[in-house]
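# Coordinate analysis (summary)
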Amino acid sequence: MEVLYSSTRGSSEKVTASQAILKGLAEDGGLFVPGAIPALEKSLKELSAMTYQEVAYEVMKLYLTDFTEEELKNCITKAYDAKFDTDVIAPLVETKKAYYLELFHGSTIAFKDMALSILPHLMTTAARKNQITNEIVILTATSGDTGKAALAGFADVEGTRIMVFYPKNGVSPIQEKQMLTQKGANTSVVGIYGNFDDAQTGVKKLFSDKELAAELGEKGFQFSSANSINIGRLVPQICYYVYAYAKLLAEEKIADGELINVVVPTGNFGNILAAFYAKNMGVPIGKLICASNDNKVLYDFFATGVYDRNRDFVLTTSPSMDILISSNLERLIYRIAGNDAGKNAELMAALSGQGKYEITEEMKAGLSDFYGNFADEAETAAEIKAIYEDCGYVIDTHTAVASAVYGKYVAETGDTTKTVIASTASPYKFTRSVMNAIDEKYDALSDFELVDELSGIANVAVPNAIEEIRTAPILHDKQCQVDEMKDVVRAFLQ
Ligand SMILES: *Cc1c(COP(=O)(O)O)cnc(C)c1O
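The shown structure was predicted, so the numbers you read here are calculated from the model rather than taken from an experiment. (Residues numbered from 1 in each chain as written. Predicted model: local features only at pLDDT ≥ 70, side-chain atom pairs only at ≥ 80, totals over all residues. Heavy atoms only, no water.)

## Considering the overall build of the protein chain
From N to C terminus, the protein chain includes 22 helices and 16 strands. In terms of overall size, the protein chain behaves like a compact globule, its C-alpha atoms giving a radius of gyration of 21 Å where 494 residues would be expected to give roughly 23 Å. Structurally, the protein chain occupies a C-alpha span of about 60 × 50 × 45 Å along its principal axes. With 494 residues in all, the protein chain has 61% of them scored as buried. At a minimum sequence separation of 6, the contacts of the protein chain that also span at least 24 residues come to 75%. Taken as two groups, the 46 positive and 67 negative side-chain charges of the protein chain have centres that lie 2 Å from each other. (Helix = DSSP H or I, 4+ residues; strand = E, 2+ residues; numbered from the N terminus. Rg over C-alpha atoms; globule rule 2.2 N^0.38 Å. Buried < 20%, exposed > 50% of the residue type's maximum accessible area, 1.4 Å probe, protein only. Contact = heavy atoms within 4.5 Å. Lys, Arg positive; Asp, Glu negative; His and termini not counted. Charge placed at Lys NZ, Arg CZ, Asp CG, Glu CD.)

Here is the structure:
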């Protein structure tokens, strides 16, 4: 059955999956959503015998219905290959506390690789299918991890260029170095004087700038987005929740049909939304536990039904979650409004006008699958130390937020359902924060000394992504004010 996509802010525009991937955002500023969430066709038992790539195909074919089998399998094969340092792509690590689903085995050691290693292939395939001859320009705002993963995915991909904006003082030193050393003639990296929300709002403005689009169209360019609002990112993220359940089943850790809970360290609400879609496809998931850091706008939202971004933006040791506007939440809002685009558009207008909105009582009832909480900086550090000491397992700061929130959930509810925690980054990406949490004495060491020290205590080899940047030259040095972003884009496309 053909799945078509419409905007969360107006139902008139209906596009195919490949068109939605190319556009990124709908014309009216809304996000593309499928007409209905499809149900899995294969049983979880059948899926449990499959490889990651096979499960990915079974999930993605249900959403990307205008891709042929050959096209889709080709994208999957190119994406989930030896770029990943393990054949299983997304291993589950069992500890005393939970199952950690390691989503960081791709080329940039953060979970963004799970979707961004396939997005360029989906996009160039989509361009071919739609007879697009323009060069596709990917504009991306990043809180640190998307940027590098998108750069790595699109570098030297024919027919594309990529420009990444990141908050100059809002990413970790390793994250920054990873981006600034990116090779590829079609890549550009720009630090902005502002925070992630400024970068994201700036990019959204460029996308909806009709004048700029016309000007670039004449030169043979068109914009697209690699941000997590693109359904070409959302759909590949659903796969690993299906896969995780199937693997627990294959290893007889759970019985067929047994409910599991899922905990996700959340920023833009993309990853947890993918888990919600997996649940709605038929994966037996109980609670979706949404973990925030000190930027706890989502925790407050789940507690009160009021989404309010009018607050101080806090820089934390989990920078990829330092976000006050969780873009993908819009897809959930639309759904709990009964797929009412008018109602959703009204709330989103309030968000951009007054910086807040409140959902109705009826809509609140639609949030019962979710539980929200947050972990502050001290709790996050304590969690890293505790998991290391109790289990000999080193987790990164983002995963630690999730793990700490999971502890609060169990203490509060007594619910001991088996649980999968999305482990979204390698500890090597946030080495200083991780090592300081384990022992303050490490603060005296340099970034790369810390890397070696971590390798010793965690008994895990230093990933390639880190080895590479030890000596790599800096290739990008552009910075700009938020209101200069448009000129910087123009200059890049000269
Ligand atoms: C992006 C990111 C997150 C947040 O994911 P969302 O999909 O934006 O909610 C969490 N942890 C890490 C390491 C990330 O890179």
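## Concerning helix α12 (residues 270-281)
For α12, built from 12 residues, the straight-helix expectation of 16 Å at 1.5 Å per residue is met to within 8% by its first-to-last C-alpha distance of 16 Å. In terms of burial, α12 is largely enclosed, as 11 of its 12 residues are buried. Those residues of α12 not exposed but buried are G270, N271, I272, L273, A274, A275, F276, Y277, A278, K279 and M281. Directly after α12, the chain includes G282, whose backbone phi takes a positive value near 120°. (Expected span 1.5 Å × (residues − 1).)

## What about the side chain of H476?
Secondary-structure assignment places H476 in the loop between α21 (464-471) and β16 (478-480). There is a polar contact of 3.0 Å between the side chain of H476 and the backbone oxygen of Q182. When residues no more than four places from it in sequence are discounted, the contact partners of H476 are M179, L180, Q182, T187, S188 and V189. (Polar contact = N/O pair within 3.5 Å; in protein donor to acceptor, adjacent residues only side chain to side chain.)

## Comments concerning the sheet that holds strand β2 (residues 10-15)
Strands sit in the order β2-β1-β3 across an open sheet of 3 strands; the sheet is antiparallel. The strands lining the two open edges of the sheet, one partner per strand, are β2 and β3 (32-34). Between one strand axis and the next, the sheet turns by 40° as a mean value, whatever way the strands run. Pairing between strand β1 (residues 5-7) and β2: 3 bridges, direction antiparallel. Residue S7 lies in a different strand from β2, and its bridge partner there is G10. (Pairing = 2+ DSSP bridges. Axes fitted to C-alpha atoms, helices over the stretch in contact; angles between N-to-C directions.)

## What to know about the sheet that holds strand β10 (residues 260-265)
Hydrogen bonds between backbone atoms are what pair the strands of a sheet, whose relative direction is either parallel or antiparallel. What the 6 strands build is an open sheet, ordered β4-β5-β15-β10-β11-β14; its pairing is mixed. Unpaired on one side and paired on the other, β4 (92-94) and β14 (370-374) mark the two borders of the sheet. Pairwise comparison of adjacent strand axes, ignoring direction, gives a mean angle of 25° for this sheet. Taken together, the 3 bridges between β4 and strand β5 (residues 99-102) define a ladder with antiparallel strand orientation. In the sheet register, E94 faces β5, and the bridge partner there is Y99.

## With respect to the site of the ligand
Near the ligand you find 15 residues, and of these K112, D145, G267, N268 and T424 are the closest. G267 places a main-chain nitrogen or oxygen 2.8 Å from an oxygen atom of the ligand. Considered on its own, the ligand offers 380 Å² of accessible surface; in the complex 98% of this is hidden by protein. With respect to the pocket detection grid, the ligand is positioned in the largest cavity. Its residues assigned to classes, the shell around the ligand comprises 5 nonpolar, 8 polar and 2 charged. (Near = heavy atom within 4 Å. Areas by Shrake-Rupley, 256 points an atom, 1.4 Å probe, with all protein chains shown as cover. 1 Å grid on protein atoms, 1.4 Å probe; cavity = no way out; pocket = protein on both sides within 12 Å on 5 of 7 lines; lining within 4 Å. Sits in = over half its atoms within 2 Å of the grid points. Nonpolar A, V, L, I, M, F, W, Y, C, P; charged D, E, K, R; others polar.)

## A short note on empty space enclosed by the protein
For the coordinates displayed, the defined rule picks out 3 cavities of 30 Å³ or more. Within this model, the largest cavity holds a volume of roughly 280 Å³. In terms of lining, the largest cavity is formed by 26 residues, of which the most central are F111, K112, G267, N268 and S320. Those elements that place two or more of their residues in the lining of the largest cavity are α7 (145-154), α11 (231-250) and α12. Considering every element that reaches the lining of the largest cavity, the biggest residue donor is α12, with 3 residues. Broken down by class, the residue content of the lining of the largest cavity amounts to 9 nonpolar, 14 polar and 3 charged. Estimated volume of the second largest cavity: approximately 60 Å³. Taken together, A141, Q200, V203, K204, F207, S225, N227 and I229 make up the full set of residues lining the second largest cavity. (Points joined across faces, edges and corners; volume = space filled by probe spheres on them.)

## A closer look at unusual backbone geometry
Of note in this structure, E252 is not a glycine but carries a positive phi near 55°. Along the chain, E252 falls in the loop between α11 and β10.

## Some details on the side chain of N227
Tracing the backbone shows N227 in the loop between β9 (221-225) and α11. On the accessibility criterion, N227 (7% relative accessible area) is buried. Contacts of N227, omitting those with residues within four sequence positions, involve L139, T140, A141, Q200 and R233.

## Details of the nonpolar core
Formed by 115 residues in total, the largest nonpolar core has its most connected members in Y63, L64 and Y357. It is α11 that provides the largest number of residues to this core, a total of 14 residues. The residues touching Y63, leaving out its near neighbours within four places in the chain, are V3, Y5, A17, P34, I37, P38, V235, I238, Y277 and M281. Core analysis: the next-biggest nonpolar cluster, separate from the first, contains 39 residues, A291, I387, V405 and A437 among them. (Core = buried A, V, L, I, M, F, W, Y, C linked by side-chain atoms within 4.5 Å.)

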